[in-house]
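Architecture at a glance
Listed below are the residues making up each chain.
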Amino acid sequence: MTSGQVATETINGLMAGSDTSSSTLAWTIHFFLLHPHTYSRVIKEVRSQFDRDHMITFNESREHFPFLQACIYETLRLVPATNDLPRCMPPGGAVFQGHYIPEGYTCLVSLSTANRLPSIWERPEEFYPERFMDNENNRRQMLSFSSGVRACPGKNLAWMQVLPTLANIINKYDLKLPADALFTPDHVDKLGNPIFMPAMVTAMTAPKYPERDCVALISKRT
Ligand code: HEM
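Sequence order sets the numbering: in each chain, residues are counted from 1 along the sequence as written. Owing to the predicted nature of the model, reporting of local features is limited to residues with pLDDT of at least 70; listing and counting of side-chain atom pairs is limited to 80 or more, with chain, interface and lining totals taken over all residues. Heavy atoms throughout the structure, all of them, feed into the side-chain values; hydrogens and water do not.

Observations concerning the coordination of the iron atom of the ligand
- The donor set covers N, O and S atoms within 2.8 Å of the metal, switching to 3.2 Å for Na, K and Ca, and it leaves out water, so a site may look short of donors. Protein coordination of the iron atom of the ligand is limited to a single donor, Cys152 (SG), positioned at 2.3 Å.
- Under the scheme used here, helices are H or I runs from DSSP no shorter than 4 residues and strands are E runs no shorter than 2 residues, and both carry numbers assigned from the N terminus. Mapped onto the elements, cysteine 152 comes out in the loop between helix H6 (136-141) and helix H7 (155-172).

Some words on the site of the ligand
- Proximity is defined per residue: any heavy atom of the residue falling within 4 Å of a molecule or strand makes that residue near it. Neighbouring residues of the ligand: 21 residues in total, closest Ala16, Thr20, Arg87, Arg150 and Cys152.
- Polar contact is the term for a pair of N or O atoms within 3.5 Å; when the atoms are in protein, one must be able to donate a hydrogen and the other to accept it, and sequence-neighboring residues count only if both atoms are side-chain atoms. Note that an oxygen atom of the ligand is positioned 2.8 Å from one of the side-chain N or O atoms of arginine 150.
- Counting only elements with at least two residues in the shell around the ligand, the list comes to helix H1 (3-34), strand E1 (85-88) and H7.
- The dominant element in the shell around the ligand, judged by the number of residues it contributes, is H1, at five residues.
- Ten residues, namely Ala, Val, Leu, Ile, Met, Phe, Trp, Tyr, Cys and Pro, are considered nonpolar, four, namely Asp, Glu, Lys and Arg, are considered charged, and the remaining ones, Gly among them, are considered polar. By residue class, the composition of the shell around the ligand is ten nonpolar, nine polar and two charged.

What to know about the environment of asparagine 193
- Along the chain, asparagine 193 falls in the loop between strand E5 (173-176) and strand E6 (199-201).
- Accessibility here uses a 1.4 Å probe with only protein chains present; expressed as a share of the type maximum, an area under 20% marks a residue as buried, one over 50% as exposed, and anything in between as partly exposed. The class for asparagine 193 is buried, based on a relative accessible area of 13%.
- Throughout, a contact is declared for two residues whenever any of their heavy atoms are within 4.5 Å. Non-local contacts of asparagine 193, meaning those with residues more than four positions away in its chain, are made with Glu126, His187 and Val188.

Considering the packing of H1 against helix H2 (residues 36-47)
- Lines fitted to C-alpha atoms define the axes here, with helix axes fitted over just the stretch in contact, and angles between the N-to-C directions of these axes take values from 0 to 180 degrees. Running from N to C, H1 and H2 cross one another at 110°; their axes reach a closest spacing of 5 Å. What the angle tells us is that H1 and H2 run roughly perpendicular. Two secondary-structure elements touch here, H1 through Phe32, Leu33 and Leu34 and H2 through Pro36, Thr38, Tyr39 and Val42.
- Taken together, the residues of the contact of H1 with H2 break down into six nonpolar, one polar and no charged. For classification purposes, an angle smaller than 35 degrees is called roughly parallel, one larger than 145 roughly antiparallel, one from 65 to 115 roughly perpendicular, and anything else oblique.

Describing the side chain of lysine 172
- Within the element layout of this structure, lysine 172 appears in helix H7.
- All tallies of charge rest on Lys and Arg as positive and Asp and Glu as negative; His and the ends of each chain are not included. When a carboxyl oxygen of Asp or Glu is within 4 Å of a side-chain nitrogen of Lys or Arg, the pair counts as a salt bridge. Notably, lysine 172 is buried but unbridged: the nearest opposite-charge side chain belongs to aspartate 53, and the N-O separation is 6.4 Å.
- Within the structure, the side chain of lysine 172 is placed 3.4 Å from the backbone oxygen of arginine 52, a separation counted as a polar contact.
- Excluding its chain neighbours within four sequence positions, the residues that come into contact with lysine 172 are Arg52, Asp53, His54, Met55, Ser219, Lys220 and Arg221.

Structural notes on unusual backbone geometry
- Positive phi values are uncommon outside glycine, yet arginine 123 reaches one of about 40°.
- With respect to the element layout, arginine 123 can be found in the loop between helix H5 (111-114) and H6.
- Overall, arginine 123 belongs to the partly exposed group, its relative accessible area being 40%.
- Backbone geometry at serine 146 places phi at a positive 65°, although glycine is not the residue there.
- Locating serine 146 in the fold gives a position in the loop between H6 and H7.

So, the nonpolar core
- The nonpolar core is taken to be a set of buried Ala, Val, Leu, Ile, Met, Phe, Trp, Tyr and Cys residues, with the residues joined through side-chain atoms within 4.5 Å. Within the largest apolar cluster, 31 residues are counted, with the highest numbers of intra-cluster contacts made by Phe32, Val42, Leu68, Ile72, Trp159 and Leu166.
- At the level of elements, H1, H2, helix H4 (66-78) and H7 are the ones that each hand at least two residues to this core.
- Ignoring sequence-local partners within four residues, the contact set of leucine 68 consists of Phe32, Val42, Glu45, Leu163, Leu166, Ala167 and Ile170.
- By size, the runner-up hydrophobic cluster in this structure holds eight residues, among which are Val79, Phe127, Phe183 and Met197.

Considerations on the environment of phenylalanine 50
- Looking at the element boundaries, phenylalanine 50 is found in the loop between H2 and helix H3 (58-64).
- Under the relative-accessibility criterion, phenylalanine 50 is labelled buried at 12%.
- Sequence separation between phenylalanine 50 and glutamate 103 is 53 residues; the distance between their C-alpha atoms is 56 Å.
- When sequence neighbours within four positions are dropped, the list of residues in contact with phenylalanine 50 reads Ile56, Glu60, His64, Phe65 and Asn171.

Concerning the pattern of salt bridges
- Taken as a whole and assessed by the stated rule, the structure comprises seven salt bridges.
- Glutamate 130 is paired through a salt bridge with arginine 41; the nearest N and O atoms lie 3.5 Å apart. With glutamate 130 in the loop between H5 and H6 and arginine 41 in helix H2, this residue pair connects regions lying 89 residues apart in the sequence.
- When its relative accessible area of 37% is taken as the criterion, arginine 41 is described as partly exposed.
- Here arginine 116 ties to glutamate 125 by a salt bridge, and the two come within 2.7 Å at their closest N and O atoms.

This is the structure:
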């Protein structure tokens, strides 16, 4: 490898393995704060099974928190940590759904569009984690880790980071929105769903105005 390639791969690895998991964590917390019933259910699931001082492991989270896992799936579905995956057309071009795309062109695959296809997802715009409970088919259809040969090699590691981190946060801390939050459970769209904060779509689907919108009041659980 050239030194340029080493540098590129290093940056790629660092971004792919850190911003993705941390933004998924932030988005999941955001959804909890917009959906108090969901947040209460998660709190009950976690706190009813473990003592406050216990450090919850990944295996324990996987075994005991199906609803928390469903919430993470639903967050990933609505806000995939990366979007618009670039794909270079091969020599000779390719035909997609009857459209010829010449070689050398780049097509972007929109994961968030695939994750909200009305032909696959019921009430696609709604944050509804229950759709992932005992539903292996829906879990497979959630494409935020991509699929095929270029699928995310860090998927299992990402679950090992996000799931127990959230479980321990929920177990040890109370989260609440500040009084002046712009995005709240009462600020709803025409379907009655809470409007969630806008995303900035670059390489990672990070919140667009994190300093303004990613504010949560965190206090030690009483
Ligand atoms: C919630 C967390 C994560 C999500 C949603 C995610 C999603 C993705 C997606 C969609 C791709 C495919 C990109 C493409 O096809 O163009 C990808 C690739 C990749 N991911 Fe992840 N990822 C996550 C966490 C991680 C972690 C923790 C690591 C490693 C420490 C990691 C390492 C990588 C690498 C190295 C690639 C490039 C693979 C290649 O070029 O073939 N990812 N990720």
